[in-house]
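# Residue-level structural notes
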Amino acid sequence: MDKNRQETYKNVFIKILDKGFNLSVPVDQVSFYEDGYATFLQKVEHHKKKHLPEEAVALASIDCMVALQKSQNQLKIMIAALEEQMDDLDTTLLEAL
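Residues numbered from 1 in each chain as written. Predicted model: local features only at pLDDT ≥ 70, side-chain atom pairs only at ≥ 80, totals over all residues. Heavy atoms only, no water.

### With respect to unusual backbone geometry
Although it is not a glycine, Leu17 sits at a positive phi angle of roughly 55 degrees. By the element assignment, Leu17 lies in the loop between β1 (9-16) and β2 (19-26). We classify Leu17 as partly exposed; its relative accessible area is 39%. (Helix = DSSP H or I, 4+ residues; strand = E, 2+ residues; numbered from the N terminus. Buried < 20%, exposed > 50% of the residue type's maximum accessible area, 1.4 Å probe, protein only.)

Structure (structure tokens):
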């Protein structure tokens, strides 16, 4: 990103238990916060069926971290597979020349 260009920020409101937070986030990331918050709330509601509200928030947080770790692992696997395919393609092209 050009360091001379300023990012535009937008406020995103997040409420956890009885406390609300106004977060100033880059405009291009607003959808990530909104989608992530909606998913987080769904996970909290799921855990509230069997746990206290504070426990539900903690468990939902762990769920989200695990989901992120799984996604990162899948991305690493996909990148490795793509690199292998690129190596195979390079080998094939070199042999063809």
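### Structural notes on helix α1 (residues 30-48)
Counted at 1.5 Å a residue, the expected span for α1 with its 19 residues is 27 Å, and the 27 Å between its end C-alpha atoms agrees. Among the residues making up α1, those that are buried are Val30, Tyr37, Phe40, Val44 and His47. One side of α1 carries all its buried residues, which in axial view fall inside an arc of 110 degrees. Turned more than 90 degrees away from the buried face of α1 sit Asp35, Gln42 and His46, all of them exposed. At its buried positions, α1 is contacted by β1, β2 and α2 (53-96). (Expected span 1.5 Å × (residues − 1). Arc of directions from axis to C-beta. Contact = heavy atoms within 4.5 Å.)

### Quick notes on the layout of surface pockets
One number sums up the size of the largest pocket: a volume of about 250 Å³. At the level of elements, β1, α1 and α2 are the ones that each hand at least two residues to the lining of the largest pocket. Here the lining of the largest pocket takes 6 residues from α1, the largest share from any one element. (1 Å grid on protein atoms, 1.4 Å probe; cavity = no way out; pocket = protein on both sides within 12 Å on 5 of 7 lines; lining within 4 Å. Points joined across faces, edges and corners; volume = space filled by probe spheres on them.)

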